[in-house]
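# Commentary on secondary and tertiary structure
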Amino acid sequence: AQTVTQSQPEMSVQEAETVTLSCTYDTSESDYYLFWYKQPPSRQMILVIRQEAYKQQNATENRFSVNFQKAAKSFSLKISDSQLGDAAMYFCAYRSYYPQGGSEKLVFGKGTKLTVNP
Amino acid sequence: GAVVSQHPSRVICKSGTSVKIECRSLDFQATTMFWYRQFPKQSLMLMATSNEGSKATYEQGVEKDKFLINHASLTLSTLTVTSAHPEDSSFYICSAVEEGWYSNQPQHFGDGTRLSIL
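This section reports on the structure supplied with the text. All values reported here derive from a predicted model rather than from experimental measurement.

## A look at the layout of surface pockets
Any empty space left between atoms is shown by rolling a water-sized probe over those atoms. Here the largest pocket defines a volume of roughly 550 Å³. Forming the walls of the largest pocket are 20 residues, and the residues nearest its centre are M89 and K113 of chain A together with P40, K41 and Q42 of chain B. Those elements giving two or more residues to the lining of the largest pocket turn out to be β10 (88-96) and β12 (112-117) of chain A. Residues that form the lining of the largest pocket fall into these classes: nine nonpolar, six polar and five charged. The volume enclosed by the second largest pocket comes to roughly 300 Å³. In this structure, the second largest pocket is lined by 16 residues; those nearest its centre are K105 of chain A together with L44, M45, L46 and E59 of chain B.

## Brief notes about the side chain of K38 of chain A
Residue and element names in this part refer to chain A. Tracing the backbone through its elements, the reader meets K38 in strand β5 (residues 32-39). We note that K38 is buried and unpaired, the nearest opposite charge coming from D86 at a distance of 4.3 Å. Ignoring anything within four residues of it in the chain, the contact list for K38 reads Q44, M45, I46, V48, G85, D86, A88, M89 and Y90.

## With respect to the packing of aromatic side chains
As enumerated under the stated definition, the model contains 14 aromatic pairs over all chains in all. A ring pair is formed by W36 of chain A and F75 of chain A, whose centres lie 6.3 Å apart and whose planes are at 25°; its orientation type is stacked. With W36 of chain A in strand β5 and F75 of chain A in strand β9 (residues 74-79), this residue pair connects regions lying 39 residues apart in the sequence. Taken together through their ring pairs, the aromatic side chains of Y33, F35, Y37, F91 and F108 of chain A together with Y36 and F109 of chain B make up a single cluster. Above the plane of the ring of F91 of chain B lies R43 of chain A, whose end atom (NZ or CZ) is 4.2 Å from the centre.

## Description of the nonpolar core
If you look at the biggest cluster of nonpolar residues, it comprises 26 residues, and the most contacted ones within it are Y25, W36, F75, L77 and Y90 of chain A. Looking at this core, the elements with two or more residues in it are β3 (19-21), β5, β6 (46-52), β8 (64-69), β9, β10 and β12 of chain A. Counting residues per element, this core draws most heavily on β10 of chain A, which supplies four residues. By size, the runner-up hydrophobic cluster in this structure holds 25 residues, among which are V4, C13, A48 and A96 of chain B.

## Overview of the state of the cysteines
This model, assessed by the stated rule, comprises two disulfides over all chains. One disulfide bridge connects C23 of chain A with C92 of chain A, the sulfur atoms lying 2.0 Å from each other. The chirality of the disulfide connecting C23 of chain A with C92 of chain A is left-handed, given an S-S dihedral of about -70°. Linking C23 of chain A in the loop between β3 and β4 (24-26) with C92 of chain A in strand β10, this pair joins segments that are 69 residues apart in sequence. We note that C23 of chain A, like C92 of chain A, is buried. C13 of chain B takes part in no disulfide bond, and the closest cysteine sulfur, belonging to C94 of chain B, lies 18 Å away. Classification of C13 of chain B by relative accessible area gives buried; the value is 12%.

Basis of the calculations
Residues numbered from 1 in each chain as written. Chains lettered and ligands numbered in written order. Predicted model: local features only at pLDDT ≥ 70, side-chain atom pairs only at ≥ 80, totals over all residues. Heavy atoms only, no water. 1 Å grid on protein atoms, 1.4 Å probe; cavity = no way out; pocket = protein on both sides within 12 Å on 5 of 7 lines; lining within 4 Å. Points joined across faces, edges and corners; volume = space filled by probe spheres on them. Helix = DSSP H or I, 4+ residues; strand = E, 2+ residues; numbered from the N terminus. Nonpolar A, V, L, I, M, F, W, Y, C, P; charged D, E, K, R; others polar. Buried < 20%, exposed > 50% of the residue type's maximum accessible area, 1.4 Å probe, protein only. Lys, Arg positive; Asp, Glu negative; His and termini not counted. Salt bridge = Lys/Arg side-chain N within 4 Å of Asp/Glu carboxyl O. Contact = heavy atoms within 4.5 Å. Phe/Tyr/Trp six-rings, centres within 6.5 Å; stacked < 30°, edge-to-face > 60°. Lys NZ or Arg CZ within 6 Å of the ring centre and 35° of its normal. Core = buried A, V, L, I, M, F, W, Y, C linked by side-chain atoms within 4.5 Å. Disulfide = S-S within 2.5 Å.

Interpretation note: all reported values are geometric properties and have no functional meaning in isolation.
Take a look at the structure:
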């Protein structure tokens, strides 16, 4: 079974600075997807960025980018020019590329609480 | 973008009551919906996977007679917590995937339902 580990329960960053959130995972599969979700105090889960394992290029979405190291099974999220609205819980998630049984579930890490200081 | 509506957002009821939570995909057809439970300051725990027109697949340890799931159409899934007790108090979140799960479509999450059993 796949596992996702987020080793930083909490992180803080100054507004306008850059912060990196760590995520490692364990799998025997070669094809899969990785996601970062954001959960603000409103509790809605918002997709931040996703990465297909077969793509070597790191995904980027505006101020958010990932450092995907497939061999090391590492998938860190970098937030540049941090804004107050970035404060939230961030969850790293894994999904198999080939669904088993007709559907496939997300495996979540335990999350990292990000605080942005003004 | 894909929108998932979850209703109600908050429920407070007496012990022994059954509570129904609805999850609707507003602008897409969802062949698969997922139901999660989230305890305070913890990650999302998958309860069950719901496929339209078939029985839900429950995760190990989740009581199927306690948490009834119905996915009668491509846009609606319901979770009914039967004879709810205080230990069932939690935050419940649904998510949905557009048709073509075998592509890289991400899960779209509802806003969640906070259930409080007195």
